[in-house]
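# Summary of the model geometry
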Amino acid sequence: MLLRTRPILRRVALTGAALLATTAALPQAAAATGDAGPSGGGLSAVIRYTENGIPHILARDYAHLGFGTGWAQAADQVCVLADGFVTVAGERSRWFGPEAAPDGSLSSATRNLTSDLYFKGVRESGTVEKLLAAPAPAGPSKDLRELMRGWAAGYNAWLAQNKITDPACKGAGWVRPVSATDVAARGFAVSVLGGQGRGIDGITAAQPPAPGTPGAGARTAAPGEPDPAAAAEAAREFFDTTRYDMGSNAVAFAGSTTASGAGLLLGNPHYPWQGGRRFWQSQQTIPGELNVSGGSLLGTTVVNIGFNEKVAWSHTVATGTPVSLHQLTLDPADPTAYLVDGVPQQMTRRTVTVPVAGGDPVTRTQWWTRYGPVVSNLGPGLPLPWTAGTAYALNDPNAANLRGSDTALAMGKARSVGGIQDALRRTQGLPWVNTVAADSAGGTLFTQSQVLPRITDELAARCSTALGRATYPASGLAVLDGARGDCALGSDPDAVQPGVFGPGRAPTLRDAPYAENSNDSAWLANAERPLTGYERIWGNVAAPRSLRTRGAIEDVAGMAAKGRLTVADLQKQQFANRAPAGDLAAADAAEACAALPGGTATASDGTAVDVSAACPVLAGWDRTADSGSRGALLFDRFWRRLTATTAAKDLWLVPFSAADPVRTPRTLNQAAPGIGRALADAVAELRAAGAALDAPLGEHQFVVRGGEKLPVGGGTEALGVWNKIEAPWNAAGGGYPEVLHGSSHVQAVGWNGGRCPVARTLLTYSQSANPNSPYYADQTRMFSQERWVTSRFCERDILTSPKLKVVWPRERG
């Protein structure tokens with residue numbers, strides 16, 4: 001229901017009264033407009049929409065706040081949400097067929113069938129219900145339970161009272177009402193994204209060897225068992241955060257570096273642009289209890305990254321390895337039993353039946369142990385075969401963690417970076433992210449307070465198998481001897497969950513002039529105050545940093561040294577689009593190009609390509625990935641080709657030095673094998689796409705929304721650009737015609753001594769996935785133009801919005 005109350009609300013503001021400061025004011029406001037307001041005792045909320053369709057949700061308690069949040073999310077994203085609920089119900093094969101691929105938002109399963117086998121098994125085993133039944137802090141708080149109950153009611157009320165216009169699910173039978181348990185199941189899926197969620201194919205494929213298989217009781221590696229050296233490299237790649245479709249940058253600046261003396265925060269998470277891992281913007285307010293604004297992952301009941309009157313925070317995907325493996329020694333008489341201190345332990349059989357569209361139901365068995373499920377691989381590069389003598393079990397402590405939303409809720413109520421630390425300490429719910437925060441008093445925080453298996457270096461040294469002795473140093477993936485009881489994970493006294501590190505062990509940096517992370521380990525959160533002394537499972541130390549980390553540290557350290565920083569400086573950093581790879585290598589690449597005999601190089605397919613025209617383009621490029629940059633596209637294609645085929649030791653003349661980690665390695669080796677081939681391939685690719693070698697980047701890196709072509713600036717991980725954009729190359733489509741993931745919910749936040757935070761935000765892919773919504777492409781257009789949304793946080797700002805509209809959703813009997 002739309003209430004045209006702006007004049008009334010403005011009058012309230014002009015009298016100096018806080019709008020709806022008590023819940024008693026809600027019916028009065030409605031009565032003044034001729035609406036009696038909700039009746040019958042059902043849930044309701046007031047939603048004030050401002051520019052770009054951003055809702056400011058006002059409610060009297062957590063159940064009502066959840067109701068308004070569920071309603072507003074459904075209004076913008078009903079099809080994406082409904083698709084996710086099909087996933088966690090284990091019904092994708094029923095509706096979409098078993099061989100189709102999920103969108104990847106709630107797991108890494110490659111087929112609907114494996115996704116369903118896992119998630120239906122989770123539901124039938126009562127995993128989520130058991131976690132919900134646990135008392136806080138191990139289980140959800142009462143406030144969070146009320147939020148989930150309300151969210152489900154709000155989503156269901158929207159479905160009952162509105163027609164779906166999004167063609168993605170209009171008239172679809174798979175759009176259905178949900179329960180609070182469904183909401184919790186979605187939260188569980190998010191929690192295990194980095195663990196069991198990445199191993200689903202291996203969990204559902206793991207089967208015992210056929211009877212009579214040789215090798216029972218063998219003490220040496222049987223044929224087909226993983227090679228330690230190959231496994232170490234595969235594990236390093238599997239857990240390499242720069243390869244994920246989620247990443248992020250975030251930086252906090254202390255008051256000593258700012259014009260106002262208050263802190264500053266720039267958050268730049270890199271997340272998928274489509275599907276169920278999108279962010280959604282809102283402000284949530286319970287007068288006197290909670291007032292927080294920011295981005296929520298779809299289907300969650302809370303603001304995950306955001307700010308309030310006193311503190312702002314963001315998250316970056318962390319390098320902590322969130323799982324461990326336990327190598328099982330099997331009972332020679334039974335490959336579904338394993339030995340612990342010589343005593344056989346029977347595996348638990350979990351048999352799951354999945355309905356399939358157009359076919360018979362599929363039944364499969366999964367096998368579970370005291371450590372977790374038996375797994376046959378962690379990705380195609382790391383096979384973990386189940387032989388007659390050995391199997392591997394996956395330990396994921398986040399499979400016992402539904403605390404993430406309580407952590408977000410507690411951070412939303414914090415008043416300082418110390419309060420953020422206390423929220424993390426009390427709730428311990430973050431499964432796979434770091435936290436970077438700043439506050440109005442000038443404080444800063446970096447902390448890697450994530451839920452990790454309690455694998456100390458001492459335990460790994462004492463209990464690793466031959467495989468673990470290779471994988472743990474390379475990636476932090478421990479493979480422990482599951483046959484030894486003394487190799488069980490211990491507990492820290494400050495941990496709320498057995499078998500995980502307590503928050504006192506997390507790498508943490510307080511009140512540094514700047515604290516920054518770009519998905520490398522905690523080591524160089526501040527290059528002048530490096531963090532060391534943590535266990536390998538948290539991340540590495542004294543190892544090469546990504547180009548994005550190196551460029552970010554150069555940028556933010558320079559900003560901190562300059563001082564007198566404001567929110568405007570954060571905005572400039574977001575769209576500077578500097579390409580550190582270009583600064584390091586473009587001039588040398590141009591020289592190598594000019595030195596090629598006859599200006600010709602041989603492409604990968606063996607053809608000779610005239611690359612002479614590329615040399616001056618590379619030399620003249622401005623070293624940025626702005627949409628108008630000429631030469632950026634050519635260097636991008638060249639650099640991707642070169643780095644994909646050339647080892648770092650062959651690429652750079654000056655190798656990495658732990659004493660100079662931001663500036664090394666450097667100086668392109670102009671004689672490196674592959675430079676000519678990469679140039680030839682890049683020139684051929686651009687010509688095949690109809691792109692001039694000096695074409696502006698935005699002519700060939702863009703998205704199309706509503707028939708409008710929107711140029712997109714920013715660059716890939718390989719270039720090291722802060723404003724990360726990942727797009728698949730499509731020559732027939734003109735280059736990069738769609739963005740898959742990258743900059744998402746960006747926020748630049750500070751304080752200037754007034755009552756309201758100074759905040760600029762941008763949701764790059766816009767608020768709604770519905771092409772019929774007015775908020776389908778508006779912020780994407782702003783992102784293309786490098787413009788920002790001025791956040792409306794305080795009541796006077798909300799009430800003076802020229803786009804203000806008020807909706808009062810409520811349950812109906």
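Residues numbered from 1 in each chain as written. Predicted model: local features only at pLDDT ≥ 70, side-chain atom pairs only at ≥ 80, totals over all residues. Heavy atoms only, no water.

## So, unusual backbone geometry
Along the chain, Ala136 connects to Pro137 via a cis peptide bond; the corresponding omega equals 10°. In this structure, Pro137 sits in the loop between α6 (127–133) and α7 (142–161). Omega for the peptide link from Thr664 to Pro665 comes to -5°, which places this bond in the cis form. Locating Pro665 in the fold gives a position in the loop between β24 (652–654) and β25 (666–668). Look at Ser766: it is not a glycine, yet its phi comes out positive at around 80°. Judged by relative accessible area, which is 0%, Ser766 ranks as buried. (Helix = DSSP H or I, 4+ residues; strand = E, 2+ residues; numbered from the N terminus. Buried < 20%, exposed > 50% of the residue type's maximum accessible area, 1.4 Å probe, protein only.)

## Here's the deal with helix α3 (residues 62–89)
Side chains three or four residues apart in an α-helix point the same way, a direct result of the helix having 3.6 residues per turn. When the terminal C-alpha atoms of α3 are compared, their 26 Å separation across 28 residues is substantially less than the 40 Å that a helix rising 1.5 Å per residue should span. The N-terminus of α3 is capped by Asp61, whose side-chain oxygen sits 3.3 Å from the backbone nitrogen of Ala63. Looking at the residues trailing α3, positive phi occurs at Gly90, about 70°. (Expected span 1.5 Å × (residues − 1). Polar contact = N/O pair within 3.5 Å; in protein donor to acceptor, adjacent residues only side chain to side chain.)

## What to know about the packing of aromatic side chains
Applying the stated criterion to the full structure yields 22 aromatic pairs. Taking the centre distance of 5.8 Å and the plane angle of 45° together, the rings of Phe575 and Phe783 count as tilted. Here the residue Phe575 occupies a position in the loop between α16 (567–574) and α17 (580–594), and Phe783 occupies one in helix α23 (residues 778–784), the gap between them amounting to 208 residues. One aromatic cluster is present, built from ring pairs that chain together Trp273, Phe575, Tyr765, Phe783 and Trp788. The ring centre of Trp729 lies 4.4 Å from the NZ or CZ of Arg637, which sits over that ring. (Phe/Tyr/Trp six-rings, centres within 6.5 Å; stacked < 30°, edge-to-face > 60°. Lys NZ or Arg CZ within 6 Å of the ring centre and 35° of its normal.)

## Side note on the pairing of strand β27 (residues 708–711)
Both strand β26 (residues 702–705) and β27 contribute to a ladder of four bridges, which runs antiparallel. Within β27, the residue paired with Arg705 across the bridge is Glu708. (Pairing = 2+ DSSP bridges.)

## Observations regarding the packing of α17 against helix α19 (residues 632–645)
In the contact formed by α17 and α19, the axes pass within 11 Å of each other and the chain directions differ by 90°. It follows that α17 is roughly perpendicular to α19 by the angle criterion. Listed contacts from α19 to Ala581, Gly582, Ala585, Ala586 and Ala589 of α17 are Phe635, Phe638 and Trp639. Along the lines of polarity and charge, the residues of the contact of α17 with α19 split into seven nonpolar, one polar and no charged. (Axes fitted to C-alpha atoms, helices over the stretch in contact; angles between N-to-C directions. Parallel < 35°, antiparallel > 145°, perpendicular 65-115°, else oblique. Contact = heavy atoms within 4.5 Å. Nonpolar A, V, L, I, M, F, W, Y, C, P; charged D, E, K, R; others polar.)

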